[in-house]
2 protein chains.
Amino acid sequence: MGDEYFTSYSDLDVHRLMLTDEPRMKSYKNAIDSNKDIFQNKVVMDVGSGTGVLAIMCAQAGAKKVYAVEASDIAKLSEKLVKENNVSDIVQVFNTRVEDLDLPDNQKVDIIVSEWMGFYLLHEGMLDSVLVARDKFLKLGGRMFPEIAALYASPCSLPDLYKFWTDVSGINLSVFGNELRKSKSNQPDVALVNAEDLLSEPVCVFELNLRTLQTEELNKFSCSRVVCANKDGLYQGLCIWFTCTFPSPIITDQLVLSTAPFSQPTHWKQTVIVLPDEYAVEEREPLAWEINLTRSDENPRHYNIQLTMLDPEKVAHAVPCNCYMTKCIVSRTFLECEGEPGDIIDMT
Amino acid sequence: MGDEYFTSYSDLDVHRLMLTDEPRMKSYKNAIDSNKDIFQNKVVMDVGSGTGVLAIMCAQAGAKKVYAVEASDIAKLSEKLVKENNVSDIVQVFNTRVEDLDLPDNQKVDIIVSEWMGFYLLHEGMLDSVLVARDKFLKLGGRMFPEIAALYASPCSLPDLYKFWTDVSGINLSVFGNELRKSKSNQPDVALVNAEDLLSEPVCVFELNLRTLQTEELNKFSCSRVVCANKDGLYQGLCIWFTCTFPSPIITDQLVLSTAPFSQPTHWKQTVIVLPDEYAVEEREPLAWEINLTRSDENPRHYNIQLTMLDPEKVAHAVPCNCYMTKCIVSRTFLECEGEPGDIIDMT
């Protein structure tokens, strides 16, 4: 093989990590294969195509033409992968930023596929580029794969950052644990959280519909939530993760890539915002917070994440809310009296 | 807590990795605790003490005095850990390179403990510093923890670098696999190898006795070996790993830290030298090679590793050797005739 290009070893190892991420690969494969009717004879664009695996999947699913757009050197390797999979006549690789791309005759595409997600969905993300591609190249009524992206959160215990350090082979390393947690106050920890260490049902922080999302909406996310602790435990951090949902041919059948603690682990793991101190919480205690994700001025591909604890007395709770506060007990009792089991209660 | 020092976040994460390495922690703990008789009232030096956990273990095992010598900033954190574990009167931390250390009254120590091992034992290793400490500070007849270090090797299959890439969610990524393997020809891969992917019994590449080892001996290791394949398989790399053996109070009871593929995984994993091409081997086929580890001129903490395949016809085989070559079948037959079952055969 001629060495007409060079992909750095570290780049190869990053792609290796992504290509061996089974939930990631399988969810895209499943989403594309389940939608062969949508892909049949269509023109597709893969934004940030990397090694080109999604482009190849689309070709295998019946696409007429796939434009694989990749800015980095891995594009050259992806051309060989396209050949190896006998889809050279369908997949065309463009080694360019999608922002700099023009298609002949101002051609439009029917579908945009992209795996643009970073840690906590947005970090190092290329969602901006995907939106540029959508606005420039997607036909009216065209489809996005994925179509919906959502961020979830739940308060959690962090035994790996707390309890573990109290006894490591008979030695008390709490001071080390303190330092470690202090180091995580400037930068969230990317780590696997055990599902049993979540202290509440997850709540959705935000949901993005990629068909309608505008770039400006990505500059700042702000949301306050109250959750109800579903067990006694130590509140040591806020665990956040994302899901991506693909168009589904059957309305009842959700095609989702989930990076939740209760899903098969992915290379994204979860992201943990470590609290400066731990709090003992009891079952049914309301936990309120505000989270702000603001694009960093220094690096627009990064976000500053700010977490503020709120007074559960002063914020609106969900209805119904299972927490032990009087107002929620009252409204719950009221709802139970009003609604027969199985009734759908109109909360508007 | 006053912020009178700063340990970089990445340093903390490196120490976190080592402190959560259970086989590493437990083998040192077990070795020290099993030898309380040796540690009782003794003076100990911990070379490259890091967070100070080994020094604390020695104090807990009855040492009279422990000198913990650490060049990096983590030394300041280790002082807090020493206090937290109530051994401040026993453990004294020196934030210095051991090469620059002088003890009052030219004091000597009874025992040197150290966790100096790097990938493939020698990489980034601080064995040189341990030997400096030994020659300067260890009493005649003093003990080393660990005492013996050995490197092992076995030919192996590498499905993660070969077979995996032929079908990744229905896509043939062999070209990516090729690139990945090519990238590993300049730098060995640090990865976990499955025990069942080893193609022979392990052979010892070298064994170091830390009581007698001289620094010059670390400049170059050269060894040729023949092993006999114990199954049919694809010979795709040479897997190397190390063990460390601690002094044992009971001669039959080996205290060993093993990083072998058939032992509990450690943060060292295994090191794999990837062959430029794969070879199909059959059971009982002799596989001969020469391995050279030479200290790098640019960085004396790194080694250049060179692996050369040899002709099994032209090198001496072990006696007895289980391979299918005529000379080995003949000598095996001879040995079986000569020795009664249970006899010890003098091979000299």
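All values derive from a computational prediction rather than experimental measurement.

It is not clear to me how the overall build of chain A should be interpreted in this structure. Could you clarify?
When helices and strands are counted, chain A shows eight helices and 14 strands. Look at the contacts in chain A between residues 6 or more apart in sequence, and 75% of them connect residues 24 or more apart. As displayed, chain A offers around 16300 Å² of accessible surface, 49% of which is attributable to carbon and sulfur atoms. Side chains of chain A give 32 positive and 51 negative charges; the mean places of these two sets differ by 5 Å.

Help me understand the side chain of His267 of chain B in this model?
Residues and elements named next belong to chain B. Within the fold, His267 resides in the loop between β11 (255–258) and β12 (270–281). Of the polar contacts made by the side chain of His267, one reaches the side chain of Asp21; its length is 2.6 Å. When residues no more than four places from it in sequence are discounted, the contact partners of His267 are Leu17, Met18, Asp21, Arg24 and Phe119.

What is the right way to read the domain arrangement of chain A from this model?
Accessible area lost upon the coming together of the parts serves often as the stated size of an interface. Residue and element names in this part refer to chain A. Domains assigned within chain A are domain 1 (1–145), domain 2 (147–315) and domain 3 (318–348). The C-alpha centroid of domain 2 is placed 29 Å from the C-alpha centroid of domain 1. Every contact between the two is made by 33 residues of domain 1 and, on the other side, 36 residues of domain 2. Seen at the junction of domain 1 and domain 2, the total is two salt bridges. The salt bridge partner of Asp128 is Arg295, with a shortest N-O separation of 2.6 Å. Between the two partners, domain 1 and domain 2, sit 13 residue pairs in polar contact (both at pLDDT 80 or more). Looking at the side of domain 1 that touches domain 2, the elements that each hand over two or more residues are α1 (9–19), α2 (22–33), α6 (127–137) and β5 (138–145). Grouping the constituent residues of the side of domain 1 that touches domain 2 by class yields 16 nonpolar, nine polar and eight charged.

Looking at this structure, how should I read the environment of Glu298 of chain B?
Residues and elements named next belong to chain B. Summarising the element assignment, Glu298 is placed in the loop between β13 (286–295) and β14 (303–310). When its relative accessible area of 76% is taken as the criterion, Glu298 is described as exposed. Spatially, the C-alpha atoms of Glu298 and Val203 are 30 Å apart, while their sequence positions differ by 95 residues.

What should I look at first to understand the packing of aromatic side chains in this one?
What characterises a pair of aromatic rings is the spacing of the ring centres plus the angle enclosed by the ring planes. Residues and elements named next belong to chain A. Considering all chains together, one arrives at 22 aromatic pairs over all chains under this definition. With 6.4 Å between their ring centres and 55° between their planes, Tyr235 and Tyr279 make a pair best called tilted. With Tyr235 in strand β10 (residues 233–246) and Tyr279 in strand β12 (residues 270–281), this pair connects stretches of sequence that are 44 residues apart. Where Phe242 meets Trp268, the ring centres are 5.2 Å apart and the plane angle is 80°; that geometry is what we call edge-to-face. Here Phe242, found in strand β10, pairs with Trp268, found in the loop between β11 (255–258) and β12; they are 26 residues apart in sequence, far enough to count as distant.

Hey, could you run me through unusual backbone geometry in this one?
A negative phi angle is the norm for most residues apart from glycine, just as the trans form is the norm for most peptide bonds. Look at the link from Phe145 of chain A to Pro146 of chain A: it is a cis peptide, with omega at -5°. With respect to the helices, strands and loops of the structure, Pro146 of chain A is situated in the loop between β5 and β6 (148–156). For the bond from Val319 of chain B to Pro320 of chain B, the omega torsion is 0°, close enough to zero to count as cis. In this model, Asn106 of chain A sits at a positive phi of 50°, which is unusual for a non-glycine residue. Relative to the assigned elements, Asn106 of chain A resides in the loop between β3 (91–94) and β4 (109–114). Assessed through its relative accessible area of 67%, Asn106 of chain A is described here as exposed. The phi torsion at Asp105 of chain B lies on the positive side, around 60°, for a residue other than glycine. Mapped onto the elements of the fold, Asp105 of chain B is located in the loop between β3 (91–94) and β4 (109–114).

Teacher, can you tell me more about the sheet that holds strand β13 (residues 286–295) of chain A here?
Hydrogen bonding along the main chain pairs the strands of a sheet, whether they run parallel or antiparallel. Residues and elements named next belong to chain A. Strand order in this open sheet of three strands is β9-β13-β14, and the pairing throughout is antiparallel. Of all the strands in the sheet, just β9 (220–228) and β14 (303–310) have a single pairing partner and so form its edges. Here the average twist between neighbouring strands, direction ignored, is 15°. Relative to β14, β13 runs antiparallel, the two being bridged by eight bridges. Counted as the bridge partner of Ala288 is Leu310 from β14.

Honestly, the layout of surface pockets in this entry has me stumped. Any pointers?
In this approach a probe as big as a water molecule rolls over the atoms, and the regions it shows empty are the leftover space. Residue and element names in this part refer to chain A. The calculated volume of the second largest pocket comes to roughly 890 Å³. The wall of the second largest pocket is formed by 37 residues, among which Met18, Gly48, Glu115, Glu124 and Met126 lie closest to the centre. Tallying contributions element by element places α1 first for the lining of the second largest pocket, with six residues. Of the residues that constitute the lining of the second largest pocket, the class distribution is 15 nonpolar, 13 polar and nine charged. Both of domain 1 (1–145) and domain 2 (147–315) provide at least three residues apiece to the lining of the second largest pocket.

I would appreciate a short explanation of the UniProt feature "domain: Protein arginine N-methyltransferase" (unreviewed entry) in chain A in the present structure.
Residues given the UniProt feature "domain: Protein arginine N-methyltransferase" (unreviewed entry) here are residues 148–307 of chain A. Within the segment residues 148–307 of chain A, helix and strand shares are 6% and 46% respectively, and the terminal C-alpha atoms sit 24 Å apart.

Can you walk me through the interface of chain B and chain A in this structure?
If you look at the interface, chain B gives 44 residues, while chain A gives 44 residues. Both sides of the chain B and chain A interface together cover about 3800 Å² of buried area, and 65% of this is carbon and sulfur. When residues of chain B are sorted by the area they lose upon contact with chain A, Arg16, Ile171 and Phe176 of chain B head the list and together hold 17% of the total. Linking chain B with chain A are four salt bridges. At the junction of chain B and chain A, the tally comes to 10 residue pairs in polar contact (both at pLDDT 80 or more).

Can you help me understand the packing of helix α7 (residues 174–183) of chain A against helix α1 (residues 9–19) of chain B in this one?
Between two packed helices, the angle of one axis relative to the other and the distance separating the axes together describe the packing. Between α7 of chain A and α1 of chain B, the shortest axis-to-axis distance is 10 Å and the interhelical angle comes to 135°. The angle between α7 of chain A and α1 of chain B falls in the class oblique. At the point where α7 of chain A passes α1 of chain B, the crossing takes the left-handed sense. Here α7 of chain A contributes Phe176, Glu179, Leu180 and Ser183 of chain A to the contact with α1 of chain B, which in turn contributes Tyr9, Leu12, Asp13, His15, Arg16 and Leu19 of chain B. Of the residues contributing to the contact of α7 of chain A with α1 of chain B, the split by class is five nonpolar, two polar and three charged.

What is the right way to read the pairing of β4 of chain A from this model?
Looking down a regular strand, the side chains alternate between one sheet face and the other. Residue and element names in this part refer to chain A. Within β4, six of the six residues are buried, leaving the element largely enclosed by the surrounding structure. Relative to β4, strand β1 (residues 43–47) runs parallel, the two being bridged by four bridges. Paired with Val44 across the two strands is Ile111, which belongs to β4. Sheet analysis places β4 next to β5, joined by four bridges and oriented parallel.

Any chance you could explain the relation of the copies chain B and chain A here in plain terms?
The operation relating the two chain copies consists of a rotation about an axis and a shift along that axis. If you rotate chain B by 180° and push it 0.0 Å along the axis, it lands on chain A with an RMSD of 0.0 Å. Look at the turn and shift together and you get a two-fold axis relating the two.

Sorry, what's going on with the confidence of the model for chain A here?
Predicted coordinates in areas of low pLDDT are best not read in detail. Residue and element names in this part refer to chain A. Mean pLDDT for chain A: 92, with 95% of residues reaching 70 or above. Below pLDDT 50 for its whole length, residues 343–348 participates in four contacts with residues either more than four positions away or in separate chains. Taken together, the chains of this predicted complex give a pTM of 0.90 and an interface ipTM of 0.88.

What counts and what doesn't
- Residues numbered from 1 in each chain as written.
- Chains lettered and ligands numbered in written order.
- Predicted model: local features only at pLDDT ≥ 70, side-chain atom pairs only at ≥ 80, totals over all residues.
- Heavy atoms only, no water.
- Helix = DSSP H or I, 4+ residues; strand = E, 2+ residues; numbered from the N terminus.
- Contact = heavy atoms within 4.5 Å.
- Areas by Shrake-Rupley, 256 points an atom, 1.4 Å probe, with all protein chains shown as cover.
- Lys, Arg positive; Asp, Glu negative; His and termini not counted.
- Charge placed at Lys NZ, Arg CZ, Asp CG, Glu CD.
- Polar contact = N/O pair within 3.5 Å; in protein donor to acceptor, adjacent residues only side chain to side chain.
- Domains from an automatic or database assignment.
- Salt bridge = Lys/Arg side-chain N within 4 Å of Asp/Glu carboxyl O.
- Nonpolar A, V, L, I, M, F, W, Y, C, P; charged D, E, K, R; others polar.
- Buried < 20%, exposed > 50% of the residue type's maximum accessible area, 1.4 Å probe, protein only.
- Phe/Tyr/Trp six-rings, centres within 6.5 Å; stacked < 30°, edge-to-face > 60°.
- Pairing = 2+ DSSP bridges.
- Axes fitted to C-alpha atoms, helices over the stretch in contact; angles between N-to-C directions.
- 1 Å grid on protein atoms, 1.4 Å probe; cavity = no way out; pocket = protein on both sides within 12 Å on 5 of 7 lines; lining within 4 Å.
- Points joined across faces, edges and corners; volume = space filled by probe spheres on them.
- UniProt positions renumbered as here; feature names shortened; annotations may be inferred.
- Buried area = accessible area lost by both parts, 1.4 Å probe.
- Parallel < 35°, antiparallel > 145°, perpendicular 65-115°, else oblique.
- Left-handed = near helix turned anticlockwise from the far one by under 90°.
- Least-squares fit on C-alpha atoms with pLDDT ≥ 70 in both.
- pLDDT = per-residue confidence, 0-100.

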